[in-house]
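# Structure assessment
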Amino acid sequence: MPFIDKDFINDLSTRVDIVEIINKRVNLKKAGKDYKACCPFHNEKTPSFTVAPDKQIFHCFGCGESGSAIDFVMKHDHLDFVSAIETIANESGLQVVYEKSGDSNYSKTQEYFEIMKQVSDFYSLQIRSKKYQPIISAYAKKRGLSGDVAKRFKIGYSSPDWSALYDHFKNDEMSIEKLVEMGLLVKKGKQEGYYDRFRGRLMFPIHNFKGQVIAFGGRSIDEDNQPKYLNSPETPLFSKSKELYGLFHARKYSRSVEHIIVVEGYMDVVSLHQHGVTNAVASLGTATTPQHIDILSKTSNNIIFCFDGDNAGKNAAWKALNIALPKIKAGLIIKFMFLPDGEDPDSIIRKESKLAFEKRVDNSITLSQFLFDHIKEAVNFETIEGKTQFLEKAFDLIKTINYDVYAKQILEGVANQVSQDVSKTEEMYQDFKFKNPINFQPNTSNSAKEKTSSASNDGHKKLMGRMIQLVLNYPSIVNNNIEEKVRGIENSAVLTDIIRSVLLVENLTKDELIRPFKNQEQIFQRLQYLSKDLNPYLNEEQARNELLSAIDKCANIQAKGQRSSYLRKNLEVEDQARIVEEIKKSKGI
């Protein structure tokens with residue numbers, strides 16, 4: 001990930017208009033030689049926010065916030081320093097100048113971003129085509145979509161033709177290759193040529209946290225066009241388990257993200273925005289993942305999951321609770337909001353109002369209350385046997401909590417639920433935990449896995465430790481392609497989380513990178529050891545080369561283990577067949 005040229009940063013303030021940058025986000029009014037507005041960073045009725053174009057600075061006399069255009073965009077759009085510079089440059093029509101690093105992977109990633117932007121622009125043109133206006137207008141009217149919100153999310157349309165996108169790029173072989181890699185064109189079976197993945201759909205660009213298009217979601221307009229929702233496949237830019245639709249918009253259009261609402265579909269996010277609820281995101285066709293919790297907790301300390309009130313909704317919420325429990329940390333609060341049967345955020349906010357929806361948000365239940373209620377519903381709580389089952393199920397979940405303070409509070413809540421002394425419940429829990437230790441590895445009956453050589457395991461562990469050490473000491477060596485490779489390595493969750501943090505937030509210190517693991521004592525101690533300065537010292541290129549080499553070695557160890565497992569499995573099958581044949585022969589069959 002190359003650095004932005006220092007001269008470009010220093011000259012940026014003289015090449016952009018701070019009034020133009022801020023006025024896109026806040027309605028400024030001329031006041032003498034300056035401009036004024038109500039401050040976007042705190043609630044006020046009398047304008048105290050001032051922009052001075054001659055000095056290229058802003059200052060609020062109410063809350064004290066002040067700084068340059070870069071400072072404003074960082075705070076208002078919830079961006080890091082580099083992303084703010086890239087955003088300002090893009091809005092001002094300037095090309096960002098990067099220091100030359102020779103990073104071919106970075107160059108390739110930028111090419112992907114460029115082709116995705118071109119596709120987004122293509123779909124935007126399609127939605128304005130007179131040819132498709134009747135069907136699009138009818139659908140927009142039915143769903144209550146306004147032109148402003150469509151523009152905000154850059155919603156487009158994919159022609160029902162099988163090759164509209166292909167035909168648009170067919171004279172550029174390099175673009176066709178990238179479109180295939182991005183999953184937007186699909187190669188025909190044995191025939192030559194390609195066809196469009198998305199056809200006859202309302203197109204929703206999926207942005208990363210910087211606002212770059214990384215994938216698309218398509219919603220069919222014709223109910224016979226199934227599936228109703230279709231997302232881009234996994235690509236070098238896009239992993240659905242690690243992305244949230246609308247996160248970029250939530251950060252950009254919310255004055256402050258005091259809480260963030262997680263809904264189930266991108267139409268829900270769009271509809272909520274249209275009605276003034278801008279702090280909403282949606283998963284992309286997948287259940288909540290640990291990575292989602294990490295990303296959400298970096299945006300707000302208050303996460304509210306919104307689900308339908310039917311059984312499917314409650315089951316999805318229960319899965320989210322199980323994923324969230326190990327991720328609970330100091331200051332993080334997670335709640336659940338259940339809507340009436342048959343309703344979703346889109347339908348409910350159109351029927352009611354923003355105020356009514358926000359009241360539902362205020363009345364959402366805490367994670368602990370949902371935990372107790374859900375387990376109670378699963379047992380006959382009025383009997384001794386039911387209470388015993390309640391305790392067992394609750395204890396099983398408490399074991400997964402890494403934040404000790406919260407675990408103790410939940411345990412106290414369990415004691416209150418069964419009207420039992422807290423110390424007695426604590427004693428029962430310790431006994432239960434001793435007899436039912438946490439199983440960190442999934443159960444397997446595969447004898448090949450059990451027989452994996454200790455030498456391979458030791459080699460894998462040493463390589464993993466070295467890779468973590470390199471990333472902690474040289475965070476600038478990682479990029480999206482490295483993250484993609486690491487994600488494919490078994491038992492790489494810690495390293496993947498660290499790389500993800502590096503890519504999400506610029507200039508994090510080593511202490512900040514390992515802080516999320518503080519509640520996992522053994523892992524945290526190991527990371528503290530690995531974060532020590534390297535000796536001998538490596539330059540950045542040496543560190544990157546060693547990291548790539550270690551990734552390849554891990555992949556080879558993994559592939560070798562998989563081959564061994566396959567051979568053992570097949571040998572076992574052959575042995576079984578041979579024994580059966582011998583038995584048949586002995587019996588004269």
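The structure displayed is predicted, hence computed values, not measured ones. (Residues numbered from 1 in each chain as written. Predicted model: local features only at pLDDT ≥ 70, side-chain atom pairs only at ≥ 80, totals over all residues. Heavy atoms only, no water.)

This part takes up the pairing of strand 10 (residues 213-220). Counted residue by residue, strand 10 has 8 buried out of 8 residues, so it is predominantly covered. Strand direction decides the pairing type here: strand 9 (residues 201-207) and strand 10, joined by 7 bridges, are antiparallel. When the bridges of strand 10 are listed, Pro205 appears paired with Phe216. Hairpin connection, strand 9 to strand 10: the antiparallel pair is bridged by 5 residues, and Gly211 has positive phi, about 90°. Bridge analysis of strand 10 against strand 11 (residues 229-231) gives 3 bridges, and the strand direction is antiparallel. Paired with Gly217 across the strands is Asn231, a residue of strand 11. (Buried < 20%, exposed > 50% of the residue type's maximum accessible area, 1.4 Å probe, protein only. Helix = DSSP H or I, 4+ residues; strand = E, 2+ residues; numbered from the N terminus. Pairing = 2+ DSSP bridges.)

Now for the packing of aromatic side chains. For the coordinates displayed, the defined rule picks out 24 aromatic pairs. Ring geometry for Phe204 against Tyr245: centres 6.4 Å apart, planes inclined by 80°, an arrangement best described as edge-to-face. Residue Phe204 is found in strand 9, and its partner Tyr245 is found in the loop between strand 11 and helix 10 (247-253); the two are separated by 41 residues along the sequence. Across the pair, exposure class does not vary: Phe204 and Tyr245 are buried alike. A connected cluster of aromatic rings, assembled from ring pairs, spans Phe305, Phe307, Trp318, Phe336, Phe338 and Phe370. Over the face of the ring belonging to Phe41 we find Lys75, whose NZ or CZ atom lies 5.4 Å from the ring centre. Here the basic side chain of Arg152 rests over the ring of Tyr253, its NZ or CZ set 3.9 Å away from the ring centre. (Phe/Tyr/Trp six-rings, centres within 6.5 Å; stacked < 30°, edge-to-face > 60°. Lys NZ or Arg CZ within 6 Å of the ring centre and 35° of its normal.)

Attention now moves to the side chain of Asp196. For Asp196, the location among the structural elements is in strand 8 (residues 194-196). Within polar-contact distance, the side chain of Asp196 engages the backbone nitrogen of Tyr166 at 3.2 Å. Residues in contact with Asp196, not counting those within four places in the same chain, are Asp161, Trp162, Ser163, Ala164, Leu165, Tyr166, Leu184 and Leu185. (Polar contact = N/O pair within 3.5 Å; in protein donor to acceptor, adjacent residues only side chain to side chain. Contact = heavy atoms within 4.5 Å.)

For the rest of this paragraph, the subject is the nonpolar core. In this structure, Leu184, Phe216, Tyr245 and Phe357 are the most contacted members of the largest nonpolar core, which totals 57 residues. At 8 residues, helix 5 (residues 104-127) tops the list of elements feeding residues into this core. Beyond its immediate chain neighbours, meaning those up to four positions away, Leu184 contacts Met116, Val119, Leu165, Leu179, Tyr195, Asp196, Arg197, Phe198, Phe216 and Ser232. By size, the runner-up hydrophobic cluster in this structure holds 48 residues, among which are Ile295, Phe336, Leu391 and Ile410. (Core = buried A, V, L, I, M, F, W, Y, C linked by side-chain atoms within 4.5 Å.)

With that settled, the discussion passes to the pattern of salt bridges. One pass over the structure, following the stated rule, counts 21 salt bridges. Among the ionic pairs, Lys327 bridges to Asp497, the shortest N-O distance being 3.8 Å. In this pair, Lys327 sits in the loop between helix 13 (311-324) and strand 15 (333-339) while Asp497 sits in helix 23 (residues 493-504), placing the two residues 170 residues apart along the sequence. Classification of Lys327 by relative accessible area gives partly exposed; the value is 22%. Here Asp497 falls in the buried class, since its relative accessible area comes to 16%. (Salt bridge = Lys/Arg side-chain N within 4 Å of Asp/Glu carboxyl O.)

Quick look at the environment of Asn480 now. Checked against the element boundaries, Asn480 lands in helix 22 (residues 480-487). Separated by 244 residues in the primary sequence, Asn480 and Pro236 have C-alpha atoms spaced 7.1 Å apart. Sequence-distant contacts of Asn480, that is, excluding residues within four places in its chain, are made with Thr109, Phe113, Pro236 and Leu503.

Read from one edge of the open sheet, 5 strands run 13-12-14-15-16, paired in mixed fashion. This sheet does not close on itself; its edge strands, each paired only once, are strand 13 (280-282) and strand 16 (365-366). Pairing of strand 12 (residues 260-263) with strand 14 (residues 302-308), which is carried by 3 bridges, proceeds in the parallel orientation. Across the sheet, the residue bridging to Ile261 is Ile304, located in strand 14.

Let's shift gears to the pairing of strand 2 (residues 34-37). Examined bridge by bridge, strand 1 (residues 29-31) and strand 2 share 3 bridges and lie antiparallel to one another. Within the sheet, the bridge partner assigned to Ala31 lies in strand 2 and is Asp34. In this structure, the hairpin formed by strand 1 and strand 2 is closed by a connection of 2 residues, where Gly32 is found at a positive phi of approximately 70°. Sheet topology places strand 2 next to strand 3 (residues 49-52); 3 bridges connect them, and they run antiparallel. Across the sheet, residue Ala37 finds its bridge partner in strand 3, namely Phe49.

Let us look at the sheet that holds strand 2. Taken in spatial order, the 5 strands of this open sheet run 1-2-3-4-5, and their pairing is antiparallel. Every other strand in the sheet has two partners, leaving strand 1 and strand 5 (66-67) as the edge strands with one partner each.

Across the protein chain, the average pLDDT comes to 86, with 89% of residues at 70 or higher. The secondary structure element of the protein chain with the lowest average pLDDT is helix 20 (residues 447-450), at 40, and the one with the highest is strand 16, at 98. Per-residue pLDDT stays below 50 along residues 439-453; that stretch engages in 10 contacts with residues further than four places along the chain or on separate chains. (pLDDT = per-residue confidence, 0-100.)

With that settled, consider helix 9 (residues 173-181). Of the positions making up helix 9, those classed as buried are Ser175, Ile176, Lys178 and Leu179. The buried side chains of helix 9 occupy one side of the element, clustering within an arc of 165° when seen end-on. Positive backbone phi, at 75°, marks Gly183, one or two positions downstream of helix 9. (Arc of directions from axis to C-beta.)

As a further point, take unusual backbone geometry. Note that the residue after Gln226, namely Pro227, is joined by a cis bond; omega there is 0°. With respect to the helices and strands, the residue Pro227 is situated in the loop between strand 10 and strand 11. Of note in this structure, Gln56 is not a glycine but carries a positive phi near 55°. Its location among the elements puts Gln56 in the loop between strand 3 and strand 4 (57-60). Although it is not a glycine, Lys154 adopts a positive phi angle of roughly 55°. By the secondary structure assignment, Lys154 is in the loop between helix 7 (147-152) and strand 6 (156-158).

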